[in-house]
Amino acid sequence: MPPIPSSLHIFHPCLNHYLKPNFFSLSYFSISAPKFPLSSQLIPINPRNLSSVANALSPTENGSGGGGYRSSALAGPPVLENSVQKIDVNPPKGTRDFPPEEMRLRNWLFHNFREVSRLSGFEEVDYPVLESEALFIRKAGEEIRDQLYCFEDRGNRRVALRPELTPSLARLVIQKGKSLSLPLKWFAIGQCWRYERMTRGRRREHYQWNMDIIGVPEVTAEAELISSIVTFFKKIGISASDVGFKVNSRKVLQEILMSYSISENLFAKVCVIIDKIEKIPIDEIKKELKSVGMPQEAVNELLEVLSIKSLSELEEILGGAGEAIAELKQLFSLAEKFGYSEWIQFDASVVRGLAYYTGIVFEGFDRAGKLRAICGGGRYDRLLSTFGGDDLPACGFGFGDAVIIELLKEKGILPELVPQIENIVCALDHDLQGAAATVATMLREKGQSVDLVLESKPLKWVFKRAARINAQRLILVGNTEWKKGMVSVKILSSGEQSEIKLDELE
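As a starting point, this report considers the structure included with it. From a predicted model like this one, the values you see are computed outputs, not experimental measurements. (Residues numbered from 1 in each chain as written. Predicted model: local features only at pLDDT ≥ 70, side-chain atom pairs only at ≥ 80, totals over all residues. Heavy atoms only, no water.)

1. Here's the deal with the overall build of the protein chain
Short version of the rule: Every helix listed is a DSSP run of H or I at least four residues long, and every strand listed is a run of E at least two residues long, numbered separately from the N terminus. Only protein chains enter the area calculation, which uses a 1.4 Å probe; residues under 20% of their type maximum are buried, those over 50% are exposed, and those in between are partly exposed. Using a 1.4 Å probe, the Shrake-Rupley method yields the accessible areas, and only the shown protein chains count as cover for residues.
A tally of regular secondary structure across the protein chain gives 14 helices and 18 strands. In the protein chain, which comprises 506 residues, the share counted as buried stands at 45%. Counting only carbon and sulfur atoms, one obtains 51% of the accessible surface of the protein chain, whose full area is about 26,900 Å².

In structure tokens, the structure reads:
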């Protein structure tokens, strides 16, 4: 028999719950050697086999244990009586809590998203946060494939937390089919998840505002979308000197590849590489382009075109006959009509990293250059067919909640949002708590907000609370007034105080 080690180490976190008897520590642990011989046979740590360990220990096997079903998932940890396990009180890395002050800011932002969408005639939709993994696995090379929060559920289905909203939109459009009346103008505000490297304005979960137009092939759709974003920026105090839009068309890239007889199958891969142009050295870009099969001459011309910042200069190289030039010219013309020409500029290097874009693409950027892209979008006319549906002309954008908050902080125009309560109601005697509840109910039924003091508190405490919640008036329920069917009302901004009959209280 081999010698017993001085301590037993279990390193695999999934096994921590299933292999520890009650004398094991509750953390990643090292315990004193037990006083019985240990087998020299090591336990194979294979995650696929863990369900058998769980089944052996779980009372839900064969329908027992009160659950009424057989679970293929891992069972929970055994409950140890009289034990207290200290948890990490921080949210998982890359995620956020929303205490009241943060929730007020989020609600303010979402209100502006919704108001701008309403002004443009869009209808709100939503989709499940949990979707089929297949919905998000498209062409190789997209970063998004490696950033999915994905797993197998209890029904052995591969599912993922949505990393973006557009594929869910496409799924719903296919599902509804011909029952939909085109064009569709839909918007959504949803939480998205990506396991990616965190930087300023980039987390592993974020909320995203999407606006999409389905069924309109003309460039007027893209012009309308950019107009909506500009309207949003203006509403929150951002000007054209703070933010701009870089605009391009993926058809520019297509025309260059076609001139060198490069296969259309390479198009998506090339777009993904070009999208990294501001993230990695140019020599790495050249190396990656050659690795997918582009000849050196094509790489050189492509990089030359990508450096162009003028539409007229692009026209000199490509000529004015192509679709790309015509559509871009139309967009810039429409920008003048919509009144936001000072916000947009041509930039041939913008292609967007997602494979499904097919035409005009755009990105909102911080002119000071301190932040990553604020928003982005474009045309995706061939997305539906990748899911087995009939293609429809479509375009849209995504606008995250994190970068815009950083921009508002940077500009010093983050709004100061405080709670707003119309009334605080307090009983001056414990026996009048029921009377105070009656007053609160009456006011709430009239549509007024009421903070009801639920305990017997001194007036000094009540006044402090009223100041903290920015209450407009204080309503005191006292014995003398209540017997006369009245309450004492104090307007907190002016200090004016009066007695008002209950049926006249508004």
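There's plenty left to go through after this.
2. Regarding empty space enclosed by the protein
Worth spelling out the cut-off: Using protein atoms alone on a 1 Å grid, points that fit a 1.4 Å probe yet trap it form a cavity, whereas open point sets bounded by protein on both sides within 12 Å along at least five of seven lines form a pocket; residues with an atom within 4 Å of a point count as lining. Grid points are joined across faces, edges and corners, and a volume is the space filled by probe spheres set on the points. When residues are sorted by character, Ala, Val, Leu, Ile, Met, Phe, Trp, Tyr, Cys and Pro go into the nonpolar class, Asp, Glu, Lys and Arg into the charged class, and all the rest, Gly among them, into the polar class.
Per the stated rule, a full pass over the model turns up one cavity of 30 Å³ or more. Here the largest cavity is characterised by a volume of approximately 40 Å³. Of all the elements in the fold, those that place two or more residues in the lining of the largest cavity are β9 (243-249), α5 (250-259) and α8 (296-306). Considering every element that reaches the lining of the largest cavity, the biggest residue donor is α5, with four residues. Here the residues of the lining of the largest cavity are counted per class, giving eight nonpolar, two polar and one charged.

3. A word on helix α11 (residues 401-411)
By the criterion of burial, α11 is predominantly enclosed, with eight of the eleven residues buried. Where α11 is concerned, the buried positions are Asp 401, Ala 402, Val 403, Ile 404, Ile 405, Glu 406, Leu 407 and Leu 408. Taken from the residues just after α11, Gly 412 is the one with a positive phi, measuring 70°.

4. Notes on the packing of aromatic side chains
The condition is simple: For Phe, Tyr and Trp, where Trp contributes only its six-membered ring, two rings pair if their centres lie within 6.5 Å, and the inter-plane angle classes them as stacked under 30 degrees, edge-to-face over 60, or tilted in between. Whether a charge sits over a ring depends on NZ of Lys or CZ of Arg being within 6 Å of the ring centre and within 35 degrees of the ring normal.
For the coordinates displayed, the defined rule picks out 19 aromatic pairs. Geometrically, the ring pair formed by Phe 338 and Tyr 340 is tilted, given 5.9 Å between the ring centres and 35° between the ring planes. Judged by its relative accessible area of 36%, Phe 338 falls in the partly exposed class. Taken together through their ring pairs, the aromatic side chains of Phe 98, Phe 110, Phe 113, Tyr 207, Trp 209, Phe 232, Phe 233, Phe 245, Trp 343, Phe 397 and Phe 399 make up a single cluster. Across from the ring centre of Trp 461, 5.1 Å away, lies the NZ or CZ of Lys 457, which sits over that ring.

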